[in-house]
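Architecture and fold: a report
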Amino acid sequence: LNLAADCNAVLKALQPIFQEQGMTETVHNWEDHGYLATYIQKNGSFANLRIHPHGLVLVDLQSCNDHMKGREEVDKLLNKVEERMKEFFHGNIKRVKRLPAILRGGVIDRYWPTADGRLVEYDIDEVVYDEDSPFQNIKILHSKQFGNILILSGDVNLAESDLAYTQAIMGSGKEDYSGKEVLILGGGDGGILYEIVKLKPKMVTMSNIDQMVIDGCKKYMRKTCGDVLDNLKGECYQVLIEDCIPVLKRYAKEGRMFDYVINDLTAVPISTSPEEDSTWEFLRLILDLSMKVLKQDGKYFTQGNCINLTDALTLYEEQLSRLYCPVEFSKETVCVPSYMELY
């Protein structure tokens, strides 16, 4: 409402709607804090009516019905509430907003957060793969819009629609990988490996800690990885099922150097290494170790973060000035379809 609400008047205006449905009413009055009225039907459906003194009126309906008739009944009830509010408070209503129904407890979980904390409902219609590895939960869900989506411990990693992500983390087509030595950290979906192998590198080494991610993706993410995950070794690549930290330390000790290091590790570290006191310590460790195996004119690519997380991006850039060697950096913003945000 545009003004402070007469809570009792709002309650009396809306009460008949719920009473006509044969719903049992319970009303709580908190004097200066408004009203809460609950309405319960015999079939287990119920409504909460929350009236705040400053003018906010909330109606929340919950129903066990997942069929079309049940949804139509909910819509009719909400239509009546909206019509009654306009009838009684016409001219004093600032805004009416009706949110789509949230479907809870279903076999398919459609709701996943963006990096900056917004809740997105995906058009997921099938659970393709759902397993717990020793390191994380692995889900591959099918979306009508994005194809199969890899989700690791609740974090949307990559969908079959997301070639833009893979191209960006490889340098957006500006790099010449022919005859080059490349190290991929993570990358269990196989997307980066698949795209780089096409470019005739000398050798690509991929270090991924979780065999089960690779197993799931080679079966259900083939539009992303093609056939490169079918074998752990190919003509110009090898896949190591290892934590990347000891791999980096080993290569640094051996003096092995790479033209490119591509960090495609998950957002939340799952390394078994004891050095990971915090995410930032982990990131600095990966950065420092990567610099030690990178040629003087080599390049390091990694994902940053959602463009809205400016503080996190600034913090990351600050880490670059704390490395043991000086580095130059640049950044690029791309739209990753299944993330539904700029990255």
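Not measured: the values here are computed from a predicted model. (Residues numbered from 1 in each chain as written. Predicted model: local features only at pLDDT ≥ 70, side-chain atom pairs only at ≥ 80, totals over all residues. Heavy atoms only, no water.)

**Observations concerning the nonpolar core**
Generally speaking, soluble globular proteins have nonpolar side chains that are buried together. Note the threshold: Grouping buried Ala, Val, Leu, Ile, Met, Phe, Trp, Tyr and Cys residues that are joined through side-chain atoms within 4.5 Å yields what is termed a nonpolar core. Here the term buried applies to any residue with accessible area under 20% of the maximum for its type, exposed to any over 50%, and partly exposed to those in between, with areas from a 1.4 Å probe on protein chains only. Whether two residues are in contact is decided by their heavy atoms: any pair within 4.5 Å suffices.
Core analysis: the largest hydrophobic core is formed by 45 residues, its most contacted members being Leu193 and Ile262. Those residues within four positions of Leu193 in sequence are excluded, and the remaining contacts are Ile184, Val204, Met206, Val228, Leu229, Tyr237 and Val239. With 24 residues, the next largest nonpolar core counts Cys244, Leu285, Tyr300 and Leu323 among its residues.

**Here we look at the packing of aromatic side chains**
Which entries qualify depends on this criterion: Pairs were defined over the aromatic rings of Phe, Tyr and Trp, the Trp ring being its six-membered one, requiring ring centres within 6.5 Å. Orientation was assigned from the angle between planes: stacked under 30 degrees, edge-to-face over 60, tilted for the rest. Helix numbering and strand numbering both begin at the N terminus, where a helix is a DSSP run of H or I of at least 4 residues and a strand a DSSP run of E of at least 2. Two conditions define a charge located above a ring, namely a distance within 6 Å from the ring centre to NZ of Lys or CZ of Arg, and an angle within 35 degrees of the ring normal.
Summed over all chains, the structure comprises 9 aromatic pairs. Ring geometry for Tyr122 versus Phe146: centroids 6.1 Å apart, planes at 70°, classification edge-to-face. With Tyr122 in the loop between β6 (119-121) and β7 (124-132) and Phe146 in the loop between β8 (137-143) and β9 (147-152), this residue pair connects regions lying 24 residues apart in the sequence. The burial state of Tyr122 is the same as that of Phe146; both residues are buried. Ring plane angle 45° and centroid distance 5.8 Å describe the contact between Tyr129 and Tyr220, whose orientation is recorded as tilted. Placement of Tyr129 in strand β7 and of Tyr220 in helix α5 (residues 211-220) is noted, with a sequence separation of 91 residues between them. For Tyr129, a relative accessible area of 14% gives the class buried. If you follow Arg256 out to its NZ or CZ, it ends over the ring of Tyr251, 4.7 Å from the centre. Its guanidinium or amino end placed over the ring of Tyr324, Lys292 lies 5.5 Å from that ring's centre, counting from NZ or CZ.

**What to know about the side chain of Gln319**
For the record, the criterion: Any pair of N or O atoms that falls within 3.5 Å is considered a polar contact. Within protein, one atom must be able to donate a hydrogen and the other to accept it, and sequence-neighbouring residues count only if both atoms are side-chain atoms.
Within the secondary structure, Gln319 sits in helix α9 (residues 310-320). The buried category is assigned to Gln319, whose relative accessible area is 3%. At a separation of 2.2 Å, a polar atom in the side chain of Gln319 contacts the side chain of Arg284. What Gln319 contacts, discounting residues up to four positions off in sequence, is Trp280, Arg284 and Leu287.

**Things to note about the domain arrangement of the protein chain**
Rules: The domain limits used here are those given by an automatic or database domain assignment.
Domain boundaries assigned for the protein chain yield domain 1 (7-89) and domain 2 (158-321). Placing a centre on the C-alpha atoms of domain 1 and another on those of domain 2 gives a separation of 53 Å.

**Some words on the sheet that holds strand β3 (residues 46-51)**
Selection rule: Whether two strands pair depends on DSSP finding at least two bridges between them. Each axis is a line fitted through C-alpha atoms, and for a helix only the stretch in contact is used; angles between axes span 0 to 180 degrees, taken between their N-to-C directions.
Strand order in the open sheet formed by 4 strands is β1-β2-β3-β4, with antiparallel pairing between adjacent strands. Each edge of the open sheet carries a strand with a single partner, namely β1 (24-29) and β4 (57-62). In this sheet, neighbouring strand axes are inclined to one another by 10° on average, regardless of whether the strands run parallel or antiparallel. Bridge count for β3 against β4 is 6 bridges, and the pairing is antiparallel. In the sheet register, Leu49 faces β4, and the bridge partner there is Val59.

**Quick word on the packing of helix α8 (residues 279-292) against α9**
Helix-helix packing is described using two parameters, namely the angle between the two axes and the distance between the axes. Threshold: Here roughly perpendicular refers to angles of 65 to 115 degrees, roughly parallel to angles under 35, roughly antiparallel to angles over 145, and oblique to all remaining angles. The sense of a crossing depends on the near helix, which, turned anticlockwise from the far helix by less than a right angle, makes the crossing left-handed and, turned clockwise, makes it right-handed. Any residue that is not Ala, Val, Leu, Ile, Met, Phe, Trp, Tyr, Cys, Pro, Asp, Glu, Lys or Arg is counted as polar, Gly included; the first ten are nonpolar and the last four charged.
Contact geometry for α8 and α9: axes closest at 10 Å, N-to-C directions at 40°. As far as their axial angle goes, α9 and α8 are oblique. The crossing of α8 and α9 is right-handed. Contact with α8, carried on its side by Trp280, Leu283, Arg284 and Leu287, involves Ala312, Leu315, Tyr316, Gln319 and Leu320 of α9 and no other residues of that element. Class assignment of the residues belonging to the contact of α8 with α9 gives a composition of 7 nonpolar, 1 polar and 1 charged.

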